[in-house]
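Given next are the chains, with one letter for each unit.
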Amino acid sequence: MGLHFRNRLVSLIFVTERLLIYYYFMRRDVFQAIADPTRREIIDLLAAGQMNLNTLADNFTISRPAVSKQIKILTQCGLVTITRLGREHYCSANLQKFGEVASWIEKYKVFWNQKLDALGDFLDKEAAAGNTSSLKSNKNEK
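Here goes a summary of the coordinates provided. Since this is a predicted model, take the numbers as computed values, not measurements.

## Topic: the overall build of the chain
- Of the regular secondary structure elements, the chain holds 6 helices and 3 strands.
- Mapped from its N terminus to its C terminus, the chain presents α and β elements in the order α-α-α-β-α-α-β-β-α.
- A separation threshold of at least 6 residues defines the contact pool for the chain, and within that pool the share at least 24 residues apart is 53%.

If you want it as structure tokens, here you go:
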């Protein structure tokens, strides 16, 4: 193996490794998918059952290629799977991926409930302290 060939092979391996790392970190996630109203509507339609691409596209005013682009994003996120039966492509929802969203939301739900409970307790104490001081000032005025 010549030195030139070896250097090219090492460069190719390096570039391939970098592309794989880039692809891994740049993959779309569930949150990107649900950020778009069209994609949310696609998920709603597919939650009811499997549909072929043409039937799915008929539910939108955007073009079929635009719907296909949205389906591609949902597929990259793992929210939609496409099965080919003959000449037709059927889409179905993978709603288990929403577990990621639910657990993330639950974490912040607990956080905000604690903060709002603490705020409510503080306001109750302030209101109670304000009522007793206003009662004292009313007694002093008489």
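## What to know about the sheet that holds strand S3 (residues 88-93)
- One open sheet holds the 3 strands; their spatial order is S1-S3-S2, and the pairing between them is antiparallel. Of all strands in the sheet, those with a lone pairing partner are strand S1 (51-52) and strand S2 (80-85), marking the two edges.
- As paired elements, S1 and S3 share 2 bridges and run antiparallel to each other. Among the inter-strand pairings, Met 51 is bridged to a residue of S3, identified as Cys 91.

## So, the packing of helix H3 (residues 37-48) against helix H5 (residues 64-77)
- Contact geometry for H3 and H5: axes closest at 10 Å, N-to-C directions at 75°. One way to sum up the angle between H3 and H5 is to call them roughly perpendicular. Seen from H3, the contacting residues are Thr 38, Arg 39, Ile 42 and Ile 43; seen from H5, they are Val 67, Gln 70, Ile 71, Ile 73 and Leu 74.

## Observations concerning a nonpolar patch on the surface
- Side chains of Phe 31, Trp 104, Ile 105, Tyr 108, Phe 111, Trp 112, Leu 116, Leu 119, Phe 122 and Leu 123 sit close together on the surface and give an oily, nonpolar patch of about 990 Å² of accessible area.
- Considering each element in turn, the nonpolar patch owes the most residues, 9 residues, to helix H6 (residues 98-141).
- For Trp 104, a relative accessible area of 42% gives the class partly exposed.

## Some points on H3
- Over its 12 residues, H3 runs 17 Å from end to end, which matches the ideal 16 Å to within 8%, given 1.5 Å per residue.
- Residues of H3 that are buried: Arg 39, Ile 42, Ile 43 and Leu 46. End-on, the buried residues of H3 take up no more than an arc of 100°, which puts them together on one face. With respect to the buried face of H3, the exposed residues turned more than 90 degrees away are Asp 44 and Ala 48.
- The opening residue of H3 is Asp 36, an N-cap whose side-chain oxygen sits 3.0 Å from the backbone nitrogen of Thr 38.

## So, the pairing of S3
- Pairing of S2 with S3 involves 6 bridges; the strand directions are antiparallel. Bridge assignment links Ile 82 to a residue of S3, and that residue is Cys 91.
- Between S2 and S3, which pair antiparallel in sequence order, lie 2 residues; one of them, Gly 86, sits at a positive phi of approximately 70°.

## Some details on the side chain of Gln 70
- As for its position among the elements, Gln 70 is in helix H5.
- For Gln 70, a relative accessible area of 13% puts it in the buried group.
- With residues near it in sequence (within four places) discarded, Gln 70 still touches Asp 36, Thr 38, Arg 39 and Ile 42.

## Observations regarding the packing of aromatic side chains
- Counting across every chain of the model gives 3 aromatic pairs.
- Between Trp 104 and Tyr 108, the ring centres sit 4.9 Å apart and the planes meet at 55°, which makes this aromatic pair tilted. Of this pair, Trp 104 and Tyr 108 both sit in helix H6, 4 residues apart, which is roughly one turn of that helix.
- Residue Tyr 108 is classed as partly exposed on the basis of its relative accessible area of 35%.
- Summarising the aromatic geometry, the rings of Phe 111 and Trp 112 are spaced 5.1 Å apart at their centres and angled 80° between planes, so their arrangement reads as edge-to-face.
- Of the residues examined, Phe 111 reaches a relative accessible area of 35% and is grouped as partly exposed.
- Three or more aromatic residues joined by ring pairs form one cluster here, namely Phe 31, Trp 104 and Tyr 108.

Criteria and thresholds
Residues numbered from 1 in each chain as written. Predicted model: local features only at pLDDT ≥ 70, side-chain atom pairs only at ≥ 80, totals over all residues. Heavy atoms only, no water. Helix = DSSP H or I, 4+ residues; strand = E, 2+ residues; numbered from the N terminus. Contact = heavy atoms within 4.5 Å. Pairing = 2+ DSSP bridges. Axes fitted to C-alpha atoms, helices over the stretch in contact; angles between N-to-C directions. Parallel < 35°, antiparallel > 145°, perpendicular 65-115°, else oblique. Patch = residues over 30% accessible without salt bridge, like charges linked within 9 Å, V, L, I, M, F, W, Y side chains within 5 Å. Areas by Shrake-Rupley, 256 points an atom, 1.4 Å probe, with all protein chains shown as cover. Salt bridge = Lys/Arg side-chain N within 4 Å of Asp/Glu carboxyl O. Buried < 20%, exposed > 50% of the residue type's maximum accessible area, 1.4 Å probe, protein only. Expected span 1.5 Å × (residues − 1). Arc of directions from axis to C-beta. Polar contact = N/O pair within 3.5 Å; in protein donor to acceptor, adjacent residues only side chain to side chain. Phe/Tyr/Trp six-rings, centres within 6.5 Å; stacked < 30°, edge-to-face > 60°.

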